[in-house]
Amino acid sequence: GAGVSQSPSNKVTEKGKDVELRCDPISGHTALYWYRQRLGQGLEFLIYFQGNSAPDKSGLPSDRFSAERTGESVSTLTIQRTQQEDSAVYLCASSLYASVNTEAFFGQGTRLTVV
Amino acid sequence: GESVGLHLPTLSVQEGDNSIINCAYSNSASDYFIWYKQESGKGPQFIIDIRSNMDKRQGQRVTVLLNKTVKHLSLQIAATQPGDSAVYFCAENTGSARQLTFGSGTQLTVLP
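For clarity, every value in this text was computed on a predicted model and none was experimentally measured.

Draft legend 1. Geometry of the layout of surface pockets. Volume-wise, the largest pocket comes out at about 630 Å³. Around the largest pocket, the lining is made up of 30 residues, and of these Gln37, Val89 and Arg111 of chain A together with Gln38 and Gly41 of chain B lie nearest the centre. Looking at the lining of the largest pocket, the elements with two or more residues in it are strand S8 (88–95) and strand S10 (110–114) of chain A together with strand S9 (86–94) and strand S11 (106–111) of chain B. The dominant element in the lining of the largest pocket, judged by the number of residues it contributes, is S10 of chain A, at four residues. Class assignment for the residues of the lining of the largest pocket results in eight nonpolar, 18 polar and four charged. Put simply, the second largest pocket is a space of about 220 Å³. When residues of the lining of the second largest pocket are traced back to their parent elements, those giving at least two are strand S9 (105–106) of chain A together with strand S5 (45–51) of chain B. Taken together, the residues that form the lining of the second largest pocket break down as eight nonpolar, five polar and three charged.

Draft legend 2. Expanded view of the interface of chain B and chain A. Each partner contributes residues to the interface: chain B has 19 residues there, and chain A has 22 residues. When chain B packs against chain A, the two sides together hide about 1600 Å² of surface, and 56% of this comes from carbon and sulfur. Connecting chain B to chain A are zero salt bridges. Connecting chain B to chain A are two residue pairs in polar contact (both at pLDDT 80 or more).

Definitions and limits used
- Residues numbered from 1 in each chain as written.
- Chains lettered and ligands numbered in written order.
- Predicted model: local features only at pLDDT ≥ 70, side-chain atom pairs only at ≥ 80, totals over all residues.
- Heavy atoms only, no water.
- 1 Å grid on protein atoms, 1.4 Å probe; cavity = no way out; pocket = protein on both sides within 12 Å on 5 of 7 lines; lining within 4 Å.
- Points joined across faces, edges and corners; volume = space filled by probe spheres on them.
- Helix = DSSP H or I, 4+ residues; strand = E, 2+ residues; numbered from the N terminus.
- Nonpolar A, V, L, I, M, F, W, Y, C, P; charged D, E, K, R; others polar.
- Contact = heavy atoms within 4.5 Å.
- Buried area = accessible area lost by both parts, 1.4 Å probe.
- Salt bridge = Lys/Arg side-chain N within 4 Å of Asp/Glu carboxyl O.
- Polar contact = N/O pair within 3.5 Å; in protein donor to acceptor, adjacent residues only side chain to side chain.

All quantities given are derived from atomic positions and should not be read as evidence of function.
See the structure below:
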């Protein structure tokens, strides 16, 4: 596709339910990032995938959060037993490869509201 | 831990004036910095980047200045336009995995 695509664009869920967020990166991009953005705040790194290497999960806030990526394509971010503090915009970005001088392209995000 | 932060959360400028958005970083090992612009309801968009071996880099109406001595980064926007109204984030490239660390952002509002 022309850009990074995320779905759904908005998700309202009840506390305790599981949610799955999807990211379709730009074709050919080997690096993929997930970020969380709370209202009025900056971007909080969650997880990073680079090719077939083991992902960097150092930013995941708890074991309720997990992410998968199949090869260099689609990634899904799963949040289990959602809590109200999980409410945020979840942004996905991809880049051609992870090195200096590599721009990351962002999707429009998924706005998650836990009620 | 180390982080990237911004001096001002909001900035209002008159249309046509120049804007300066500041950013302080604390990781002296960072060697690559990016400014992103995020309009309401959209994901961040790349504006301009700079490597640590440079002090200044210019784009179209934007200039980024890097002062490594005081670990300070700034974004200058010339002749600010209404379309420049957005949140601006600085980001540094840290860690072996090259993930970006973002600051909290500055909301730029252009006044008519």
